[in-house]
Amino acid sequence: MNLSQYLIDTWNWNSSANKTVLKKIALLPDKSECIRLLSHLINCQYKWMDRINVYSEYSKLDWWEPVYELEQLIIEWDKSLKPWIDLLNNKTEDELLQKVKWVGNDQITIFTAPLSDIALQLNYHSIHHRAQMQTIIRKQGLEPAFVDYIGTRVEKVK
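Residues numbered from 1 in each chain as written. Predicted model: local features only at pLDDT ≥ 70, side-chain atom pairs only at ≥ 80, totals over all residues. Heavy atoms only, no water.

1. Section: the overall build of the protein
Stage number 1. Counting its secondary structure elements, the protein contains five helices and two strands.
Stage number 2. Along the protein, from the amino end to the carboxyl end, the secondary structure elements read α-α-α-α-β-β-α.
Stage number 3. Computed over its C-alpha atoms, the radius of gyration of the protein comes to 17 Å, within 12% of the 15 Å expected for a compact globule of 158 residues.
Stage number 4. Across its three principal directions, the C-alpha atoms of the protein cover 45 × 45 × 20 Å.
Stage number 5. For the protein, the residues scored as buried account for 44% of the 158 residues in total.
Stage number 6. Nonlocal contacts in the protein, meaning residues at least 24 apart in sequence, comprise 71% of its contacts between residues at least 6 apart.
Stage number 7. Surface summary for the protein: the accessible area is close to 9,300 Å², and the carbon and sulfur share equals 54%.
Stage number 8. Positive and negative side-chain charges in the protein, numbering 19 and 20 respectively, have mean positions lying 4 Å apart. (Helix = DSSP H or I, 4+ residues; strand = E, 2+ residues; numbered from the N terminus. Rg over C-alpha atoms; globule rule 2.2 N^0.38 Å. Buried < 20%, exposed > 50% of the residue type's maximum accessible area, 1.4 Å probe, protein only. Contact = heavy atoms within 4.5 Å. Areas by Shrake-Rupley, 256 points an atom, 1.4 Å probe, with all protein chains shown as cover. Lys, Arg positive; Asp, Glu negative; His and termini not counted. Charge placed at Lys NZ, Arg CZ, Asp CG, Glu CD.)

In structure tokens form, the structure reads like this:
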């Protein structure tokens, strides 16, 4: 499997896991913190895409705002995901390994990292916050969603 396909598969698994957790969030008595965290993940995807596209300017998008309404989350998730899938589909392995530059939060410092690492970071960051959401779901009395990666990869032997 090439790097592009690996990253796309990772993004698609991550998207599916977040949508599964979203179904549980809809059942919570207090949805606010989970909505805030999922909104943050959406905003991160938008902001990172903006960062790599606006260099050498500072991306003015916020990490935490806006906080979307429950009904908007799946729409915004898909909107924030599409540019990344399109980008990953249109890059060669060499292009994915090339470093991109962006202006940091201080609006001065310039950073660089391989595009593939930024794509991985967004997925790993999503796993981190999804675990927080799963903890909130459990604390509010619901069984968290089963979103383990291996659950999407196993086959039963007859």
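2. Quick word on the pattern of salt bridges
For side chains of opposite charge, pairing can occur when their charged atoms come near one another.
Stage number 1. With the rule as written, the count across this model stands at five salt bridges.
Stage number 2. Between aspartate 78 and lysine 19 there is a salt bridge, with the nearest N and O atoms lying 2.8 Å from each other. Linking aspartate 78 in helix α3 (residues 70-89) with lysine 19 in helix α1 (residues 3-25), this pair joins segments that are 59 residues apart in sequence.
Stage number 3. The exposure class of aspartate 78 is partly exposed, given its relative accessible area of 33%.
Stage number 4. By relative accessible area, which is 27% here, lysine 19 ends up partly exposed.
Stage number 5. With a shortest N-O distance of 2.9 Å, arginine 36 and glutamate 33 are connected by a salt bridge. (Salt bridge = Lys/Arg side-chain N within 4 Å of Asp/Glu carboxyl O.)

3. Here we look at the side chain of histidine 129
Stage number 1. With respect to the helices and strands, the residue histidine 129 is situated in helix α5 (residues 115-139).
Stage number 2. Leave out the neighbours within four places in its chain, and histidine 129 touches Leu37, His40, Leu41 and Trp64.

4. Observations regarding the nonpolar core
Stage number 1. One finds Ile25, Trp84 and Ile118 to be the most contacted residues of the largest nonpolar core, which totals 44 residues.
Stage number 2. For this core, the secondary structure elements donating two or more residues are α1, α2 (32-54), α3, β1 (99-103) and α5.
Stage number 3. Of the residues forming this core, the biggest block, 10 residues, is contributed by α2.
Stage number 4. Beyond its immediate chain neighbours, meaning those up to four positions away, isoleucine 25 contacts Lys31, Cys34, Ile35, Leu38, Leu70, Met133 and Ile137. (Core = buried A, V, L, I, M, F, W, Y, C linked by side-chain atoms within 4.5 Å.)

5. Notes on the packing of α1 against α2
Stage number 1. Packing of α1 against α2 leaves a shortest axis separation of 11 Å and a crossing angle of 155 degrees. As judged from the angle between their axes, α1 and α2 are roughly antiparallel. Relative to α2, the crossing made by α1 is left-handed. Between α1 and α2, the residues in contact are Trp11, Asn18, Leu22 and Ile25 and Cys34, Ile35, Leu38, Leu41 and Gln45, respectively.
Stage number 2. In the contact of α1 with α2, the residues fall into seven nonpolar, two polar and no charged. (Axes fitted to C-alpha atoms, helices over the stretch in contact; angles between N-to-C directions. Parallel < 35°, antiparallel > 145°, perpendicular 65-115°, else oblique. Left-handed = near helix turned anticlockwise from the far one by under 90°. Nonpolar A, V, L, I, M, F, W, Y, C, P; charged D, E, K, R; others polar.)

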